[in-house]
Amino acid sequence: MSRRRVVITGLGACTALGLSFEKSWSKLLAGENGIRAIPDRYFDASEYRTRIAGTVEDYDPSEYFDVREVKKLDYVTQYALMASKECFEDAGLDPATLDPERGGCILGTGIGGIMAIEAEHHVLLDRGPKRVSPHFIPKMMPNAVSARVSIQYGLQGTNYATSSACASAGHALGLALRTIQWGEADVVVSGGAEAAVSTLAIAAFGSMKALSTRNDEPDQACRPFDKDRDGFVMGEGAGILLLEEREHALARGAKIYAEFLGFGATSDAFHITQPKEDGIGPRRAIEMALKDGARVPSDIDYVNAHGTSTYYNDRVETKALHDVFGGHASKLAVSSTKSMMGHLLGASAGVEAAVTAKSIAEGLAHPTRNHVEAGEGCDLDYVPGEARSMAIGGAISNSLGFGGHNVCLLFGKHES
């Protein structure tokens, strides 16, 4: 039996660049900065090694949720619900018209409700066990992101969360692709959410020396593939896509951003945080995605890179691209979305997949901010300076996570 074709018909996001995908996209094209000093409303970061992040600004939960619901929802779930709402609206799809048993939800998160964990731990220590909220468990559990979206829209098909650090949303999207290809659902909401600009997370990543310490120049802190990069910048938010079986989408006259063609996933099996320098893991993931989608290296025009602005990751990813694409690698446009909004951990692949689909639809590759001088081993075209107008027939989006998780997603221009 041939696999069913899958297309992308809706996009939603909530990032440091804006409370919607469209706002985030327009600022990406303009090369704007979303990284700033951590606001006091989060916590006093004055004594922290890193005091900057890609925080979601101008967000008031009471404008989006009933005050009673806010008490039950960690920020990670709020962001997922906000982006999912935009996603359905963008797709022009009323969830009430779906066969509920043919609709699913698979979302990724690397950490889950860490803000709820921190808050209730303080309650426990300061006020005792009887004052811990009964909402705590359903608020902090990672699968709350997918469960809440499923409940909100009555999606009774497959429903779960994936957690593989920075590859979480990539795995979620790949499994959502399979769910539709194999005929188990017609529509799946997929992507990821994260809200980890918290005291514990910023302190811990800082202790690992994984974060940039360019605290006095937040607009220049995230520098993927640049020689002066000094670590990643924490981001937060959500990126959600509506995946739809092609005939289902065509039957309702849906607009189609791109076709979701393939998925590859591997493990370095090497180190819990450091990527293996030979790049074999990400190379194999890219090769698997190309084979899965029946494409060859010369079919690819654009790469939305993992591009974290860390020493090892940027070199390893560049090497993997060279190894897969050979001479064609120099013809690729490669950009890092993280350069402007920070690293959304488990949600990053969701935002970046949405950006890749939009790039294909619009024929535009956004720039990599702060790429001034290439670092050692980083010698590709990272789209420095300005956005680029170009025909994009095929594109990949890479995600490489702590634990050695490698995911590549393959997209193409929709053709009849």
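Structure: see above.
Residues numbered from 1 in each chain as written. Predicted model: local features only at pLDDT ≥ 70, side-chain atom pairs only at ≥ 80, totals over all residues. Heavy atoms only, no water.

Digging into the sheet that holds strand E5 (residues 159-162)
An order of E5-E4-E6-E7-E1-E8-E14-E13-E9-E10 is seen for the 10 strands of this open sheet, with the pairing classed as mixed. Since the sheet does not close on itself, it has two edges, and those belong to E5 and strand E10 (333-335), each with one partner. Across the sheet, the mean angle from the axis of one strand to that of its neighbour is 25°, orientation sign disregarded. Bridge count between strand E4 (residues 103-108) and E5: 4 bridges; the pairing is parallel. For Leu107, the partnering residue across the bridge sits in E5 and is Ala161. Across the face of the sheet, helix H7 (residues 168-181) comes into contact with strand E1 (6-14), E4, E5, strand E6 (187-194), strand E7 (237-245), strand E8 (258-267) and strand E14 (405-412) while running at roughly 120° to E8. Packed onto the sheet, helix H13 (residues 348-362) meets E1, E6, E7, E8, strand E9 (302-304), strand E13 (394-401) and E14 and runs at close to 170° relative to E13. (Pairing = 2+ DSSP bridges. Helix = DSSP H or I, 4+ residues; strand = E, 2+ residues; numbered from the N terminus. Axes fitted to C-alpha atoms, helices over the stretch in contact; angles between N-to-C directions. Contact = heavy atoms within 4.5 Å.)

So, the nonpolar core
One recurring pattern in soluble globular proteins is that nonpolar side chains are buried together. Core analysis: the biggest nonpolar cluster contains 47 residues, and Ile38, Tyr79, Val149, Val189, Met234 and Leu242 have the highest contact counts within it. Those elements giving two or more residues to this core turn out to be helix H3 (75-91), E4, helix H4 (114-127), helix H6 (144-153), E6, helix H8 (199-207) and E7. A per-element tally of this core places H3 first, with 9 residues. When sequence neighbours within four positions are dropped, the list of residues in contact with Met234 reads Ala53, Gly54, Ala196, Val197, Ala201, Ile202, Phe205, Leu211, His343 and Leu345. Counting residues in hydrophobic clusters, the runner-up holds 44 residues, among them Ala13, Ile360, Val383 and Phe411. (Core = buried A, V, L, I, M, F, W, Y, C linked by side-chain atoms within 4.5 Å. Buried < 20%, exposed > 50% of the residue type's maximum accessible area, 1.4 Å probe, protein only.)

Here we look at unusual backbone geometry
Of note in this structure, Ala165 is not a glycine but carries a positive phi near 55°. Counting through the fold element by element, Ala165 comes out in the loop between E5 and H7.

Observations regarding the environment of Ser168
Counting through the fold element by element, Ser168 comes out in helix H7. The class of Ser168 is buried, set by a relative accessible area of 0%. Separated by 112 residues in sequence, Ser168 and Ile280 have C-alpha atoms that sit 20 Å apart.

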